Amino acid sequence: MQLIITDARSARTHSIRLSGLRLVGVITSLLVVMFLGSALLYHWVFLKGAREGWPVFGALVKLVVKDEFDERDRFMRANLDAMAKRVGEMQARMVQLESLGDRVMGLAGMSPADLPKSDGRGGVLVGARNLSLEELQATLDDLEKITAQRVDWMTVMESRLFDQHIRKKMIPTHAPVTGRPAGSAFGWRLDPFTGQSALHTGLDFQADTGTPILAAAGGVVIASEFHPAYGNMVEVDHGNQLVTRYAHASRVLVKQGDLVKRGQKIAEVGTTGRSTGPHLHFEVLVQGVFQDPQKFLSAGAAKADALAAATPAGAVVAQQSRTAAGR
């Protein structure tokens, strides 16, 4: 392609030759310049019309802005409704947790009236009207406050229940010799050696030599030694100045300072010390005062009977407890 440019004043002509590639480049450059110019012009006119309130441009701006706000409002409304529904479900679960907390507090020996309560509304929050963001935030704040209070109370209840569990394990209600009835009871009787009336400070279990002697409750061994009267003897401290003593053993399996569990084998029946035959002499002392061991063993059997009445599986436990107590 050839372009001829003529200058009238100087009567000169200029000739420009464009090849195919150059022609395409020139046309493309012209189109880009025209597009950018048109865009800048449209933008300037549109903004000027919007600022000065030209009728057509003002309406267009309002329409565009309204569509944007409507779309954003629909998006936020959908999200708020979904969040409100989840919060409503959380409130309903909180009401269920309150009922469970009341029952657990009863087991822990605490008053349910002391447990912090939620507003009790529960259910889904989407109702006759839509919630605002401020209302939803206030509801979330209330839930967070109640949840924090319940965590504190649950921690207290856990500690209380654990303490009760430990205390029960530390009370000597487990029979020290299983499958054998108790012989000489606690109280006054004729001494087999002197024939005179004397206080029998414990409970005797007749059994063959080598029969396992079991710890009546969990505790710490405070004595494992030979005593002239008790023979091979074990004493276990259960806390709260409660001590059990196991005497006349043929063999002792624990030493002072050992931790023992409820029902753990700690010795074997024998006839050492002041004894007329193989048996276990079992004593319970509270603050150094001798107590009737049968009261503790009977309490354990009564608890097993109560468990049997509550659940069918508890009947097996009750039967085992009665057998262990020698009933």
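Residues numbered from 1 in each chain as written. Predicted model: local features only at pLDDT ≥ 70, side-chain atom pairs only at ≥ 80, totals over all residues. Heavy atoms only, no water.

Asks: For this particular structure, what's the right way to read a nonpolar patch on the surface?
Replies: A cluster of nonpolar residues, I27, L31 and M34, forms a patch on the protein surface that exposes about 320 Å² of accessible area. Position of I27 relative to the elements: it lies in helix α1 (residues 20–52). (Patch = residues over 30% accessible without salt bridge, like charges linked within 9 Å, V, L, I, M, F, W, Y side chains within 5 Å. Areas by Shrake-Rupley, 256 points an atom, 1.4 Å probe, with all protein chains shown as cover. Salt bridge = Lys/Arg side-chain N within 4 Å of Asp/Glu carboxyl O. Helix = DSSP H or I, 4+ residues; strand = E, 2+ residues; numbered from the N terminus.)

Asks: Is there a simple way to think about the nonpolar core in this case?
Replies: In a soluble, globular protein the nonpolar side chains are often hidden away together inside. Counting residues in hydrophobic clusters, the biggest one holds 23 residues, and the most contacted among them are I213, Y246, I266 and L280. Of all the secondary structure elements, the ones that give two or more residues to this core are β5 (203–206), β8 (231–237), β9 (242–252), β11 (265–269), β12 (279–286) and α4 (293–310). Formed by 7 residues, the second largest nonpolar core is a distinct cluster that contains L80, M94, L143 and I146. (Core = buried A, V, L, I, M, F, W, Y, C linked by side-chain atoms within 4.5 Å. Buried < 20%, exposed > 50% of the residue type's maximum accessible area, 1.4 Å probe, protein only.)

Asks: Mind showing me how you'd approach the confidence of the model for the protein here?
Replies: Predicted coordinates in regions of low pLDDT should not be interpreted in detail. Here the protein shows a mean pLDDT of 76. Residues at 70 or above account for 66%. Counted against residues more than four places away or in other chains, residues 120–128, with its pLDDT under 50, gives 21 contacts. Note that pLDDT drops below 50 for residues 313–318; the model gives that stretch 9 contacts with residues more than four away or on any other chain. (pLDDT = per-residue confidence, 0-100. Contact = heavy atoms within 4.5 Å.)

Asks: Would you mind going over the pairing of β11 with me for this structure?
Replies: Side chains on a regular strand alternate between the two faces of the sheet. Across the 5 residues of β11, 4 count as buried, placing the element largely inside the fold. Pairing of β9 with β11 involves 3 bridges; the strand directions are antiparallel. Within the sheet, the bridge partner assigned to A249 lies in β11 and is V269. (Pairing = 2+ DSSP bridges.)

Asks: Sorry if this is basic, but what is going on with the side chain of H279 here?
Replies: Topologically, H279 is positioned in strand β12. With relative accessibility at 8%, the residue H279 sits in the buried group. Polar contacts involving the side chain of H279 include one to the side chain of S275, which spans 3.4 Å. (Polar contact = N/O pair within 3.5 Å; in protein donor to acceptor, adjacent residues only side chain to side chain.)

Asks: Just to check I follow, could you spell out unusual backbone geometry for this structure?
Replies: Glycine aside, negative phi is the norm for most residues, and most peptide bonds take the trans geometry. If you check the backbone angles, H248 has positive phi at about 70 degrees while not being a glycine. Locating H248 in the fold gives a position in strand β9.

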